[in-house]
Amino acid sequence: DWTRDESLYLQPYIQHLIQNYSAAFVQLAYAKHEANDYPTALKYMKVAAEISPRLEPPRQLLGYYYLDAGDTTAAVQHYEDLLKEKPGDDALSYRLAGVYERMGRYKAALDLIDPLYRKEPEAKDLSIMVFTLAARANLPDRARAYMQDWLKRHPDDAEGRQALEE
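Structure report, in brief. Quick caveat, the model's predicted, so the values are computed rather than measured.

Examining the pattern of salt bridges
Side-chain pairs of opposite charge can arise whenever the charged atoms involved come near each other. Considering all chains together, one arrives at 15 salt bridges under this definition. Between E101 and R136 there is a salt bridge, and its shortest N-O distance comes to 2.9 Å. Residue E101 is located in helix 5 (residues 90–103), and its partner R136 is located in helix 7 (residues 124–136); the two are separated by 35 residues in the primary sequence. You can call R136 partly exposed: its relative accessible area is 46%. In this structure, R153 engages E122 in a salt bridge whose closest nitrogen and oxygen atoms are separated by 2.5 Å. One end of the pair, R153, is in helix 8 (residues 140–153); the other, E122, is in the loop between helix 6 (106–119) and helix 7, and 31 residues separate them in sequence. Accessibility expressed as a relative area gives 30% for R153, which makes it partly exposed. If you follow the salt bridges from partner to partner, you end up with R54, E56, R59 and E85 in one network.

Here is the structure:
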């Protein structure tokens, strides 16, 4: 068990050293993930999260590591739990949408990405994502509306125009 005992006072330099251990486990997780050793990558990322629960890489990526290791329930639960702590967090919503998309739950993913798109309608990646998710969710009218909205603002976008025609 790598969970820190918060009842003990630690000097700031000790806290920094502990965070370095967490960062080392994150690096191990990255290396194992890159080598497609998903169970070991997940194990190391979980250790990093236990050591430093507020460290961003484990918070942002642990759900994807669960998913890659085949645990879809834990992947979803990870992001849902974090969103309870930080409701409306765009990065966490985006990550959970990515999990849903990989699970084939396109409508659930779209429901999370649409508000992000509404905040940043000029973000081409979000525009493509809402269009694609709507199409995959079998919502052709909604997909068409997203692309038409984009093309009103970007009439010279040949890729967008081609996607709309398909």
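Some words on unusual backbone geometry
Unusually for a residue other than glycine, N36 sits at a positive phi of about 65°. For N138, which is not glycine, the phi torsion reads 60° and is therefore positive. By secondary structure assignment, the location of N138 is in the loop between helix 7 and helix 8. Relative accessible area serves as the criterion here: at 64%, N138 is assigned to the exposed category.

Regarding the nonpolar core
By size, the foremost hydrophobic cluster in this structure holds 47 residues, and its most contacted members are M45, Y65, L96, V99, I113 and Y146. Looking at this core, the element that brings in the most residues is helix 2 (residues 38–51), giving 7 residues.

Observations concerning the environment of T40
Mapped onto the secondary structure, T40 falls in helix 2. Residues T40 and A69 lie 29 residues apart in sequence; the distance between their C-alpha atoms is 8.8 Å. A distance of 2.9 Å separates the side chain of T40 from the side chain of D37, its partner in a polar contact.

Concerning the layout of surface pockets
Reported here for the largest pocket is a volume of approximately 190 Å³. Residue assignment for the lining of the largest pocket shows that the elements contributing at least two residues are helix 2, helix 3 (56–68) and helix 4 (72–85). Top contributing element to the lining of the largest pocket by residue count: helix 4, with 4 residues. Looking at the lining of the largest pocket, its residues break down into 6 nonpolar, 3 polar and 4 charged.

Looking at helix 3
A rise of 1.5 Å per residue sets the reference length of helix 3, with its 13 residues, at 18 Å; its end C-alpha atoms lie 19 Å apart and thus fit the reference within 8%. In helix 3, a bend of some 45° at L62 exceeds every other bend along the element. A large share of helix 3 lies buried, amounting to 11 of its 13 residues. Looking at helix 3, one finds that the buried residues are P58, R59, Q60, L61, L62, G63, Y64, Y65, Y66, L67 and D68. Once helix 3 finishes, G70 follows within two positions and takes phi at roughly 95°, a positive value.

Criteria and cut-off values
- Residues numbered from 1 in each chain as written.
- Predicted model: local features only at pLDDT ≥ 70, side-chain atom pairs only at ≥ 80, totals over all residues.
- Heavy atoms only, no water.
- Salt bridge = Lys/Arg side-chain N within 4 Å of Asp/Glu carboxyl O.
- Helix = DSSP H or I, 4+ residues; strand = E, 2+ residues; numbered from the N terminus.
- Buried < 20%, exposed > 50% of the residue type's maximum accessible area, 1.4 Å probe, protein only.
- Core = buried A, V, L, I, M, F, W, Y, C linked by side-chain atoms within 4.5 Å.
- Polar contact = N/O pair within 3.5 Å; in protein donor to acceptor, adjacent residues only side chain to side chain.
- 1 Å grid on protein atoms, 1.4 Å probe; cavity = no way out; pocket = protein on both sides within 12 Å on 5 of 7 lines; lining within 4 Å.
- Points joined across faces, edges and corners; volume = space filled by probe spheres on them.
- Nonpolar A, V, L, I, M, F, W, Y, C, P; charged D, E, K, R; others polar.
- Expected span 1.5 Å × (residues − 1).
- Bend = angle between axes of the 7 residues up to and from the residue.

Purely geometric stuff here, so don't read any function into it on its own.
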